Amino acid sequence: MEGLDRRAVLRTGLLAGGAGAAAVAATHLAVEANRAGVGSRAAAPTAVRPAVLPFRGSRQSGVVDAPQPFAAFVGLDLPEGATRLTCRRLMRVWTDDIERLMAARGPLTDLEPELAAVPSRLSVTVAVGPGFYAAAGLDAVRPSWLAPLPAFAVDRLNRDWPQTDVLLQIRADSPVSVAHAARRLVVGAEPLAVQRWVQRGFREPLTDARPGMPFRNLFGQVDGTVQPATDGSDDRLVWLGADPATGGDGAEAAGTPAPKGLAGGTSLVIRRIAMNLDTWDQIDRAGREHAVGRRLGSGAPLTGRVEADLPDLAATDDLGFPVIDPVSHVRRAMATEPHERILRAPYSYDDPPAPGQRSNCGLVFVSFQADPVRQFVPIQQRLAEADLLNIWTTPLSSGVYAVLPGAQAGEDLGAALLD
Ligand code: HEM
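Not measured: the values here are computed from a predicted model. (Residues numbered from 1 in each chain as written. Predicted model: local features only at pLDDT ≥ 70, side-chain atom pairs only at ≥ 80, totals over all residues. Heavy atoms only, no water.)

A. Structural detail: the overall build of the protein. Along the protein, the regular secondary structure elements total twelve helices and twelve strands. For the protein, the residues scored as buried account for 52% of the 419 residues in total. Across the protein, every contact between residues at least 6 apart in sequence was considered, and the portion connecting residues at least 24 apart equals 76%. Total accessible area on the protein is roughly 18000 Å²; 56% of this is exposed by carbon and sulfur atoms. (Helix = DSSP H or I, 4+ residues; strand = E, 2+ residues; numbered from the N terminus. Buried < 20%, exposed > 50% of the residue type's maximum accessible area, 1.4 Å probe, protein only. Contact = heavy atoms within 4.5 Å. Areas by Shrake-Rupley, 256 points an atom, 1.4 Å probe, with all protein chains shown as cover.)

B. Molecular detail of the site of the ligand. The environment of the ligand is formed by 24 residues, the closest being Gly224, Thr225, Val226, His329 and Arg344. Taking His329, its side chain carries an N or O atom lying 2.9 Å from a nitrogen atom of the ligand. Contact between the ligand and Arg344: an oxygen atom at 2.9 Å from a side-chain N or O atom of the residue. Taken atom by atom, the bulk of the ligand overlaps the largest pocket. Elements with a contribution of two residues or more to the shell around the ligand: strand S6 (222-223), strand S7 (266-275), helix H10 (329-333), strand S10 (361-369) and helix H11 (372-385). Per element, the largest residue contribution to the shell around the ligand is four residues, and it comes from H11. Of the residues contributing to the shell around the ligand, the split by class is 14 nonpolar, seven polar and three charged. (Near = heavy atom within 4 Å. Polar contact = N/O pair within 3.5 Å; in protein donor to acceptor, adjacent residues only side chain to side chain. 1 Å grid on protein atoms, 1.4 Å probe; cavity = no way out; pocket = protein on both sides within 12 Å on 5 of 7 lines; lining within 4 Å. Sits in = over half its atoms within 2 Å of the grid points. Nonpolar A, V, L, I, M, F, W, Y, C, P; charged D, E, K, R; others polar.)

C. A look at the coordination of the iron atom of the ligand. The sole protein-derived ligand of the iron atom of the ligand is His329 (NE2), positioned 2.1 Å away. Turning to its location among the elements, His329 is positioned in helix H10. (Donors = N, O, S within 2.8 Å, 3.2 Å for Na, K, Ca; no water.)

D. Focus on the side chain of Gln68. Within the fold, Gln68 resides in the loop between helix H2 (13-42) and strand S1 (70-77). Setting aside residues up to four positions removed in sequence, Gln68 forms contacts with Leu53, Arg121, Leu122, Ser123, Arg171, Ala172, Asp173, Arg203 and Tyr347.

E. Seen up close, the pattern of salt bridges. In this structure the tally under the stated criterion is 18 salt bridges. Among the salt bridges present, the one from Arg341 reaches Asp234, with a minimum N-O distance of 3.0 Å. Linking Arg341 in the loop between H10 and strand S8 (343-344) with Asp234 in the loop between S6 and helix H7 (235-238), this pair joins segments that are 107 residues apart in sequence. The class of Arg341 is partly exposed, set by a relative accessible area of 29%. (Salt bridge = Lys/Arg side-chain N within 4 Å of Asp/Glu carboxyl O.)

F. Representation of the side chain of Glu289 within the structure. Along the chain, Glu289 falls in helix H9 (residues 285-292). With relative accessibility at 12%, the residue Glu289 sits in the buried group. Setting aside residues no more than four positions away along its own chain, Glu289 makes contact with Arg294, Arg295, Leu296, Gly297 and Leu302.

G. View of helix H3 (residues 84-102). Helix length check: H3 (19 residues) gives 26 Å between terminal C-alpha atoms against 27 Å at 1.5 Å per residue, within 8%. Where burial is concerned, most of H3 is hidden: 16 out of the 19 residues are buried. (Expected span 1.5 Å × (residues − 1).)

H. Looking closely at the layout of surface pockets. Empty space within the largest pocket amounts to approximately 960 Å³. Sorting the residues of the lining of the largest pocket by element identifies S6, S7, H10, S10, H11 and strand S11 (393-395) as the ones contributing at least two each. Broken down by element, the residue count for the lining of the largest pocket peaks at five residues, all from H11. In terms of residue class, the lining of the largest pocket is built from 24 nonpolar, ten polar and seven charged. (Points joined across faces, edges and corners; volume = space filled by probe spheres on them.)

I. Looking closely at empty space enclosed by the protein. By the definition in use, this model includes three cavities of 30 Å³ or more. Forming the walls of the largest cavity are 14 residues, and the residues nearest its centre are Leu101, Ala116, Val118, Leu122 and Ser177. Elements that contribute at least two residues to the lining of the largest cavity include exactly H3, helix H4 (113-116) and helix H6 (175-189). Counting residues per element, the lining of the largest cavity draws most heavily on H6, which supplies three residues. Within the lining of the largest cavity, the residues separate by chemical class into ten nonpolar, three polar and one charged.

J. The nonpolar core, seen in detail. In this structure, Met91, Trp94 and Ile170 are the most contacted members of the largest nonpolar core, which totals 49 residues. For this core, the secondary structure elements donating two or more residues are S1, H3, strand S2 (123-128), helix H5 (130-135), strand S3 (166-172), H6 and helix H12 (415-418). The biggest single contributor to this core is H3, with eight residues. Apart from the residues lying within four places of it in its own chain, the contact partners of Ile170 are Phe70, Ala71, Ala72, Val74, Leu122, Ser123, Val124, Val178, Ala181, Ala182 and Leu185. (Core = buried A, V, L, I, M, F, W, Y, C linked by side-chain atoms within 4.5 Å.)

K. Representation of the pairing of strand S12 (residues 399-403) within the structure. Summarising burial for S12: five of the five residues are buried, a large majority. Side-chain alternation along S12 places Gly399, Tyr401 and Val403 on one buried face and Val400 and Ala402 on a second face that is also buried. Relative to S12, S7 is paired through five bridges, and the arrangement is antiparallel. Looking at S12, one finds that Leu268 is bridged to Tyr401. (Pairing = 2+ DSSP bridges.)

Here is the structure:
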């Protein structure tokens, strides 16, 4: 029998009956009231952008929002013998805690609530792996793409960051908010889920005037230029739609049909990719630009002037060689079919080097797509076969998760899947 502490009794209407349910309802009301207050502060004329992202809704925050500068990715596993009840209780606890944290309030059991009180565009996005489906007895409805990615020739995967049953993506404008939220959610989840690893990352938007996806990675490159639109027009590439088999709710009818319980969700691929800055240092600027096919300064294609220019793949130099090398990163990564597009939201990491090492840097590469097998795998396959960037990059881990739909008012995360 899983431990049932004071907090679980308070939160878990599942077991605690009327009193627990009333406590949960009261908490929700308090959170809503608080959110309204914080939201109106954020809407003051001086605010550049809202300091609080929405928690409630058909989709979770943290997917199409401009990535905040700081992130932690936390992989957790369910305990031995976990059941669907374990999964539901975990989601009950996290729904309440995440709603409060994103509203700039500490969870009920927060020992440092002051750390939660500074709104910093915190988003916590909950995603689940194959082990979650197995524990919940839901293998029959697990999406076919929720399985290990194929092995790629470039992979040098180690055991430090394996696929886990659950993933939390925690992002915010402040590293304090990320650290605090990660701590509270991990401690709050025990013993329903136990932390296996944490990957931290950072990034800067290129300018405030142009919020969005591009940033500079630690190779100094403009990264995130070619992306699906996040204004709704490319939704079908990113989001899972209503499930026609169950009738769905019609709200996402334009999107890719969703496996059971995932309408309004998506998939998240996470790959830790080491970047060797020491050998990168040995390459001159022209060589670096050649490897990616874009200019370092402006991010423009080698055949263009500004970042937004389309690459001219037919252009040749004085000697008749293609200006954009056929094995440059962008040439190999670019879509060969209209559906081969993914929303990339990676973060740089710069961890302490091991003794004798000078640097330990790379990307926590993260992408969102409706179907990783159709969209992500062909791109990664091409890059694994030939990509000049491979000289300096090495994938160290690989995971794939289903991002749950958002929690509607009065509902827990994962409700459509677990109920
Ligand atoms: C450390 C590893 C990597 C680095 C440093 C890197 C860097 C870059 C840079 C600088 C660009 C050009 C600007 C842009 O459009 O964002 C780019 C484009 C792109 N990358 Fe990567 N990338 C890495 C890994 C990957 C991986 C693993 C994938 C997917 C499997 C990927 C997919 C793409 C795609 C789809 C594009 C846009 C191509 C186009 O249509 O022009 N990248 N990357």
